[in-house]
Amino acid sequence: MDNVRTKQARDGWNWLWAWANPVKFMALSGKALPWVIGLTILTLAVGLIWGFFFTPEAVNFGSSVKIIYVHVPSAMMAINIWVMMLVASLIWLIRRHHVSALAAKAAALVGVVMTIIALLTGAIWGEPMWGTYWAWDPRLTSFLVLFLFYLGYMALWAAIEDPDTAADLTSVLAIVGSVFALLSRYAVNFWNQGLHQGASLSLDKEENVSDVYWQPLVICLTGFVLLFIALLLVRTRTEVRKRRIHALEMRERMSDA
Amino acid sequence: MIALLIRDLRLSVRAGGGFGLGLAFFLIVTVLVPFGVGPEAEILGRIAPGILWVGALLACLLSLDRIFQLDFEDGSLDLLATAPLPMEGAVVMKAVAHWLVTGLPLTLAAPVFGGLMSMPAGGAWWMFVTLLIGTPALSMIGAFGAALTVGLKRGGLLLSLLVLPLYVPTLIFGAEAAARGIGGFDASTPLLMVAGITAGSIALLPFAAAAALRINLR
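None of these values were measured; they are calculated from a predicted model.

Cut-offs used in this document
Residues numbered from 1 in each chain as written. Chains lettered and ligands numbered in written order. Predicted model: local features only at pLDDT ≥ 70, side-chain atom pairs only at ≥ 80, totals over all residues. Heavy atoms only, no water. Helix = DSSP H or I, 4+ residues; strand = E, 2+ residues; numbered from the N terminus. Rg over C-alpha atoms; globule rule 2.2 N^0.38 Å. Buried < 20%, exposed > 50% of the residue type's maximum accessible area, 1.4 Å probe, protein only. Contact = heavy atoms within 4.5 Å. Areas by Shrake-Rupley, 256 points an atom, 1.4 Å probe, with all protein chains shown as cover. Lys, Arg positive; Asp, Glu negative; His and termini not counted. Charge placed at Lys NZ, Arg CZ, Asp CG, Glu CD. Axes fitted to C-alpha atoms, helices over the stretch in contact; angles between N-to-C directions. Parallel < 35°, antiparallel > 145°, perpendicular 65-115°, else oblique. Left-handed = near helix turned anticlockwise from the far one by under 90°. Nonpolar A, V, L, I, M, F, W, Y, C, P; charged D, E, K, R; others polar. Patch = residues over 30% accessible without salt bridge, like charges linked within 9 Å, V, L, I, M, F, W, Y side chains within 5 Å. Salt bridge = Lys/Arg side-chain N within 4 Å of Asp/Glu carboxyl O. Bend = angle between axes of the 7 residues up to and from the residue. Phe/Tyr/Trp six-rings, centres within 6.5 Å; stacked < 30°, edge-to-face > 60°. Lys NZ or Arg CZ within 6 Å of the ring centre and 35° of its normal. Buried area = accessible area lost by both parts, 1.4 Å probe. UniProt positions renumbered as here; feature names shortened; annotations may be inferred. pLDDT = per-residue confidence, 0-100. Core = buried A, V, L, I, M, F, W, Y, C linked by side-chain atoms within 4.5 Å.

Peer 1: What's the story with the overall build of chain B in this structure? I'm lost.
Peer 2: Looking only at helices and strands, chain B has nine helices and zero strands in total. Secondary structure of chain B in N-to-C order comes out as α-α-α-α-α-α-α-α-α. A compact globule built from 218 residues should have a C-alpha radius of gyration of about 17 Å, and chain B, at 18 Å, falls within 12% of that. By its C-alpha atoms, chain B is 55 × 35 × 30 Å across when sized along the principal axes. Put simply, chain B has 218 residues, and 55% of those count as buried. For chain B, contacts bridging at least 24 residues in sequence account for 82% of all contacts bridging at least 6. Put simply, chain B shows about 9300 Å² of open surface, and 73% of that area lies on carbon and sulfur atoms. In chain B, the 11 positive side-chain charges and the 11 negative ones have mean positions that sit 7 Å from each other.

Listed below in structure tokens is the structure:
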């Protein structure tokens, strides 16, 4: 009885797990990729051009406000990519789908670049607005910590030779790291408020931004999500191909021996 | 479990390195900081809790790779894996042993070294309390990091890179609790947070560390 039910439940999700088959994944992603890339270019072009050239300059900020069209989406993606890596790691640990582990690996570099973009654009914006490139503001600090987590994750992938061991260990690290990254976020909040009462530098952007800025921003956010999907597909396909080349080489070596 | 603990303690005391080295490193850090910052008692007193916490953390980091590496190399880790004792229990005992030879001496030494940093009166007590509560978390998190990197030939630097971000919350709350306590403010919130991190780490991280060890021994 119980078995039947779990089997049915599993069957209901089969359309999703079919993606986990590397062959099917390669076929599907190969077909989808041009469309995703095209859509990415389209939305990013519309969003960025609209944001940069066709929005009024804000009273207090001048034209520097337009950096939010890069800053906010990259910051959002930096966090979301880590969450995606966590989910992919869980799927790998539970269901042992190789594509999932490879996707987590492929996402890490995109995530780290997004974190760097968010930090850099923030610094560029902060210099004229706050008078400093860097302040130990809670948001800035937690992004720096997130950057360190990405570095550790990628270093662990690079250090281990056996791909399955590497996938397992990095998945465990991603889970534990997520807990501590969340903890760091609150710790950092606590730490700075405790020291500099009321000296908060961060803007609550969603509340302050008016519709004129909001609409192109939403398009830019969509564009960045698409950009991530496109890059993720390309990089995961590369990883799958690398794995295949490795397998072929191993077979060659075996037949030689 | 007790036998394993006693064995690890004996090894670390007799083989040298673990016990004295971390403490000496901690002393050197505490001595070097005034050279860099200047001898003004006012500045030193203000940064003392932070420096002592960072120093203790780094000293703890130094000996982490010894937790599993030697046992992995001579094969006793394989024996532990096949022993009736669950891997999680072995991990906890390893972390406890590490704490007894590193964390506890650091905790006892910190109040004394605080005198070098011209810490205000009452500071010694607060350093002792916060480190006593916080260092077990450092050992446990470190054991997890060591379990991840145990199979690697040159894992030391990678281990630091993995473990240091994980140390961030413990350091923040620990140093904050010490600073508040010394400054005469209410330190109960950060103190409770450190205690929570320690308790949570000891409860949950052995499972993650044991999983990592099993993967590495496969």
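What follows picks up the thread again.
Peer 1: Would you explain the overall build of chain A in this entry?
Peer 2: The helix and strand inventory of chain A stands at nine helices and zero strands. Counting from the amino terminus, helix and strand elements in chain A follow one another as α-α-α-α-α-α-α-α-α. The buried share of chain A, reckoned over its 257 residues, is 41%. Contacts in chain A between residues far apart in sequence, at least 24 positions, make up 80% of those at least 6 positions apart. Working note: accessible area of chain A is about 14200 Å², and carbon and sulfur atoms make up 68% of it.

Peer 1: What exactly am I supposed to notice about the packing of helix α3 (residues 41-62) of chain B against helix α7 (residues 123-148) of chain B here?
Peer 2: Helix packing for two helices is described by the angle between their axes and how far apart those axes are. All names here are of chain B. Look at α3 against α7: their axes get within 11 Å of each other, and the N-to-C directions meet at 30°. In this view, α3 runs roughly parallel relative to α7, as classed from their interaxial angle. As for how α3 packs across α7, the hand of that crossing is right-handed. Where α3 approaches α7, its residues P49, L52, W53, A56, L57 and C60 are matched on the opposing element by M127, T130, L131, G134, L138 and S139. Looking at side-chain class alone, the contact of α3 with α7 contains nine nonpolar, three polar and no charged residues.

Peer 1: Can you help me understand a nonpolar patch on the surface in this one?
Peer 2: On the surface, a nonpolar cluster with roughly 810 Å² of combined accessible area is contributed by L39, L42, V46, I49, W50, F52, F53 and F54 of chain A. Checked against the element boundaries, I49 of chain A lands in helix α3 (residues 22-53).

Peer 1: Even after reading the chapter, I still don't get helix α8 (residues 156-183) of chain B, so can you show me in this structure?
Peer 2: A turn of α-helix holds 3.6 residues, and therefore any two residues three or four places apart point the same way. Residue and element names in this part refer to chain B. Approximately 40° is the largest bend angle found in α8, and it occurs at Y167, with the proline P169 only one to four residues beyond. Across the 28 residues of α8, 21 count as buried, placing the element largely inside the fold. One or two residues past the end of α8 sits G184, with phi positive at roughly 85°.

Peer 1: Mind showing me how you'd approach the packing of aromatic side chains here?
Peer 2: The relation between two aromatic rings is expressed through the spacing of the ring centres and the mutual angle of the planes. All names here are of chain A. Following the criterion strictly, the structure yields eight aromatic pairs over all chains and no others. Consider the rings of W82 and Y150, whose centres lie 5.2 Å apart with planes at 80°: the pair is edge-to-face. Of the two residues, W82 sits in helix α4 (residues 68-95) while Y150 sits in helix α6 (residues 138-159), which places them 68 residues apart along the sequence. Neither W82 nor Y150 differs from the other in exposure class; each is buried. Taken together, a centroid distance of 5.4 Å and an interplanar angle of 85° make the contact between W134 and W136 edge-to-face. Its relative accessible area of 48% is what places W136 among the partly exposed residues. The lysine or arginine in question, R96, covers the ring of W92, its NZ or CZ lying 4.3 Å from the ring centre.

Peer 1: Help me understand the interface of chain A and chain B, please; the structure alone is not making it clear to me.
Peer 2: The figure often quoted for interface size is the accessible area lost as the parts come together. In this assembly, 28 residues from chain A lie in contact with 26 residues from chain B. Of the roughly 2200 Å² buried between chain A and chain B, counting both surfaces, carbon and sulfur atoms make up 84%. On the chain A side of the contact with chain B, L169, F180 and F190 of chain A bury the most area, a combined 27% of that side's loss. Here chain A and chain B share one salt bridge between them.

Peer 1: Quick question: what am I supposed to make of the UniProt feature "transmembrane region" (unreviewed entry) in chain B here?
Peer 2: In this structure's numbering, the residues bearing the UniProt feature "transmembrane region" (unreviewed entry) are residues 12-37, 43-64, 96-119, 125-150, 157-179 and 191-213 of chain B. Here residues 43-64 of chain B runs as 91% helix and 0% strand, with 32 Å between its end C-alpha atoms.

Peer 1: Help me understand the confidence of the model for chain A, please; the structure alone is not making it clear to me.
Peer 2: Regions with low pLDDT should not have their predicted coordinates read in detail. Summary statistics for chain A give a mean pLDDT of 82 and a share of 82% for residues scoring 70 or more. Taken element by element, the predicted model of chain A shows its lowest mean pLDDT in helix α8 (residues 205-208) of chain A (48) and its highest in α4 of chain A (91).

Peer 1: I'm lost on the side chain of S142 of chain A in this one. Help?
Peer 2: Residues and elements named next belong to chain A. Among the structural elements, S142 can be located in helix α6. With relative accessibility at 11%, the residue S142 sits in the buried group. Beyond its immediate stretch of four places on either side in the chain, S142 contacts R185 and V188.

Peer 1: What exactly am I supposed to notice about the nonpolar core here?
Peer 2: Nonpolar side chains tend to gather and get buried jointly when the protein is soluble and globular. Ranked by internal contacts, the top residues of the largest apolar core, which has 110 residues, are I81, M85 and Y153 of chain A together with F68, F144 and Y167 of chain B. At 12 residues, the largest contribution of residues to this core is made by α8 of chain B. Setting aside chain neighbours within four positions, we find F144 of chain B in contact with V172, L173 and V176 of chain A together with L166, L205, A208 and A209 of chain B. One finds L33, A230, L233 and V240 of chain A within the second-largest nonpolar core, a separate group that totals nine residues.

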